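Letter by letter, the chains look like this.
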Amino acid sequence: MNHRGWLMSLILALGPAFLQAQETPPTLEWVRTFSAGLADQAFDVAVDASGKVIIVGITVKSGGLSDARVIKFSASGDIIWNRHLDTAFFESAVSVDTDLAENIYMIGAAAEAGTPFAEVPCRVWKLDPEGNELWHRDFLFGSVTSCFAVAVDAQAHVYVSGHIGSSPPMRDALLFKLNSDGALQWQRTVDAAGHSDETLAVAVDSLSEVVIGGTSRTPNELPHMAVSKFDAQGLLRFTRLYRAGTGPNDNGQMQGLAIDPQDNLLIGGVGSQAPLGFGDLYVRATSTGTEIVNRFFPSVPPAFKCFGDASSDDQGSFYCPGNVGNDLSVSKLAASGQPKWLVRLSTAGQTGATAGGVDLDQDRNVYVAWTLRRGVLPFSIMTVAKYKQAGAA
């Protein structure tokens, strides 16, 4: 039997079981785009306590410089306000979260002209619900401080994760905590696998303990999904490594992290498993890091894709943006790792899409932010979409 025939036979054999387990895919409610420069990119999305939608990213100007951009939408997709943060020579905003009072916290980078790369600080902003800047703070912890994710707890403490160091093997995972006024409370680094650590995500559980996630490489360069958990005072609880299998070359790289209502850890990303090759990986672990579910998805047929900031709902389901070919995708998995749905948003006529982040409102409507890439000016566009799940208000 040829490989195509074998694959089709496998799909037909497994198809009914998967179809019975799947939910009705969500319906696309609206799509909104924004462009103001040579190129605009959206990196993350957050939904506040009243269901307003905030996306952050950059507007690229002439000379390749960028300004941070933040836009607030209503649940129906109307722009409430649009802010262009241009207080430095170069600025970027890559992650966003909100507190219970609907204040907005963003992180990225900012630098004045002539600043050496190694001295570019991580910047944290706080805006009020109307988009007015309340404060910003810059942080540099040694050579090259890169920040990629922010999370806010119920007391409006701010947690920022990233890494320090310019390149392997000198990178260590980074986490620091601020109070609601932006004052540094503590800062921690982690060397999980003995070689290089890069952190892309941060999440806070019901006890205000904080988890950072990313990729750690062993001295032989084998990548693992890595999570480290700290208590509210910065004491390291544990560090755990996960990968797609137990073979000598099986590996994993984390892209999305969420925490469910029982404080279980939900982790998505990519990996490789012999003999299946490259694919996508989902791991569910207890609040103490013990692995419960480890599910590997071959690239074909696409059942789950995770390459961006993830989210969870009140039922413990896991949501992550990604790509299927050049199209944007959003996937939903049950807590068990069973695929519920994968939807694609076509980029036909454009050059592709880069996934940013996904978040949910209280009714489980799904909002996803991404960058639409084009071959003509503007070369990229900030984009956000709303999907309504079956049964959502």
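Preceding this paragraph is the structure being described.
Rules used throughout
Residue numbering note: each chain is counted from 1, following its sequence as written. Totals for whole chains, interfaces and linings use every residue, but because this is a predicted model, local features are given only for residues with pLDDT of at least 70 and side-chain atom pairs only at 80 or more, for both listing and counting. Computation of side-chain values: all heavy atoms of the structure, hydrogens and water removed. Under the DSSP-based scheme used, a helix requires at least four consecutive residues in state H or I and a strand at least two consecutive residues in state E, with every element numbered from the N terminus. We compute the radius of gyration from the C-alpha atoms alone; for a globule the expected value is 2.2 Å times N to the 0.38, where N is the number of residues. Throughout this description, buried means an accessible area under 20% of the type-specific maximum (1.4 Å probe, protein chains only), exposed means over 50%, and partly exposed covers the range between. We call two residues in contact when some of their heavy atoms are within 4.5 Å. Per-residue and other accessible areas were derived by the Shrake-Rupley procedure at a 1.4 Å probe size, with only the shown protein chains allowed to occlude residues. None of His or the chain ends enter the tally, which takes Lys and Arg as positive and Asp and Glu as negative. Note that the charge is assigned to NZ on lysines, CZ on arginines, CG on aspartates and CD on glutamates. Put simply, a disulfide is two cysteine sulfurs that come within 2.5 Å. Salt bridges are defined by distance alone: a side-chain nitrogen of Lys or Arg within 4 Å of a carboxyl oxygen of Asp or Glu. Pairing between two strands requires that DSSP report at least two bridges joining them. Convention adopted: a line fitted to C-alpha atoms gives each axis, helices being fitted over their contacting stretch, and angles between N-to-C directions are expressed from 0 to 180 degrees.

When its secondary structure is counted, the protein shows 1 helix and 28 strands. Compactness check: the protein gives a C-alpha radius of gyration of 20 Å against a globular reference of 21 Å for 393 residues, within 12% of the reference. With the principal axes as the frame, the protein shows a C-alpha extent of 65 × 45 × 40 Å. Counting over 393 residues, the protein shows a buried share of 56%. Here the analysis covers contacts within the protein between residues at least 6 apart in sequence; of these, 48% occur between residues at least 24 apart. Split by element, the accessible area of the protein, about 15,800 Å² in all, is 53% carbon and sulfur. Looking at the protein, you have 29 positive and 40 negative side-chain charges, and the mean spots of the two groups are 6 Å apart.

Another aspect to go through is the state of the cysteines. What the rule picks out here adds up to 2 disulfides. In this model, Cys 122 is linked to Cys 147 through a disulfide, with the two sulfur atoms separated by 2.3 Å. Every disulfide takes its handedness from the sign of the S-S torsion; for Cys 122 and Cys 147 that torsion is -120°, giving left-handed. Here Cys 122, found in strand β8 (residues 122-127), pairs with Cys 147, found in strand β10 (residues 145-152); they are 25 residues apart in sequence, far enough to count as distant. In this pair, the class of Cys 122 matches that of Cys 147, namely buried. Residue Cys 306 pairs covalently with Cys 320 via a disulfide, S to S 2.1 Å. Here the S-S torsion is close to 65°, and the disulfide linking Cys 306 with Cys 320 is therefore right-handed. Remark: Cys 320 occurs in strand β23 (residues 318-324) and Cys 306 occurs in the loop between β21 (291-298) and β22 (311-312); sequence separation between them is 14 residues. When the bonded cysteines of the protein are numbered from the N-terminus onward, they pair as 1-2, 3-4.

Another point: the pattern of salt bridges. Going through the model one piece at a time under the given rule, you end up with 11 salt bridges. When the shortest N-O distance is used, the salt bridge between Lys 229 and Asp 205 registers 3.1 Å. With Lys 229 in strand β16 (residues 223-230) and Asp 205 in the loop between β14 (196-204) and β15 (210-217), this residue pair connects regions lying 24 residues apart in the sequence. Both residues of the pair, Lys 229 and Asp 205, belong to the buried class. With its nearest N and O atoms 3.2 Å apart, the salt bridge here joins Asp 280 to Lys 305.

Attention shifts here to the sheet that holds strand β7 (residues 104-111). The 4 strands lie next to each other as β6-β7-β8-β9, forming an open sheet whose pairing is antiparallel. Strand pairing shows two members of the sheet lacking a second neighbour, β6 (90-98) and β9 (133-139), which therefore form its edges. Direction aside, neighbouring strands of the sheet carry axes that sit 25° apart on average. As paired elements, β8 and β9 share 6 bridges and run antiparallel to each other. Along β9, the bridge assignment pairs Val 124 with Arg 137.

Further remarks concern unusual backbone geometry. Residue Pro 275 is reached from Ala 274 by a cis peptide bond, and omega for that bond is 0°. Mapping Pro 275 onto the fold places it in the loop between β19 (265-273) and β20 (277-285). Even without being glycine, Ala 156 reaches a positive phi, approximately 65°. Assignment of secondary structure puts Ala 156 in the loop between β10 and β11 (158-164). Among the residues examined, Ala 156 registers a relative accessible area of 13% and is labelled buried. Phi is positive for Arg 364, close to 70°, though the residue is something other than glycine. Inspection of the secondary structure assignment puts Arg 364 in the loop between β26 (352-360) and β27 (366-373).

Taken in spatial order, the 4 strands make up an open sheet running β1-β28-β27-β26, and their pairing is antiparallel. The sheet is open, and its two edges are formed by β1 (27-34) and β26, each paired on a single side. Taking each pair of neighbouring strands and ignoring which way they run, the sheet shows an average axis angle of 20°. Pairing between β27 and strand β28 (residues 380-388): 8 bridges, direction antiparallel.

Turning our eyes to something else, we now look at the side chain of Arg 374. Checked against the element boundaries, Arg 374 lands in the loop between β27 and β28. Salt bridges are absent for the buried Arg 374, whose nearest opposite-charge side chain, Asp 40, sits at 9.2 Å. Leaving out residues up to four positions away in the same chain, Arg 374 has contacts with Gln 350, Thr 351, Phe 379 and Ile 381.

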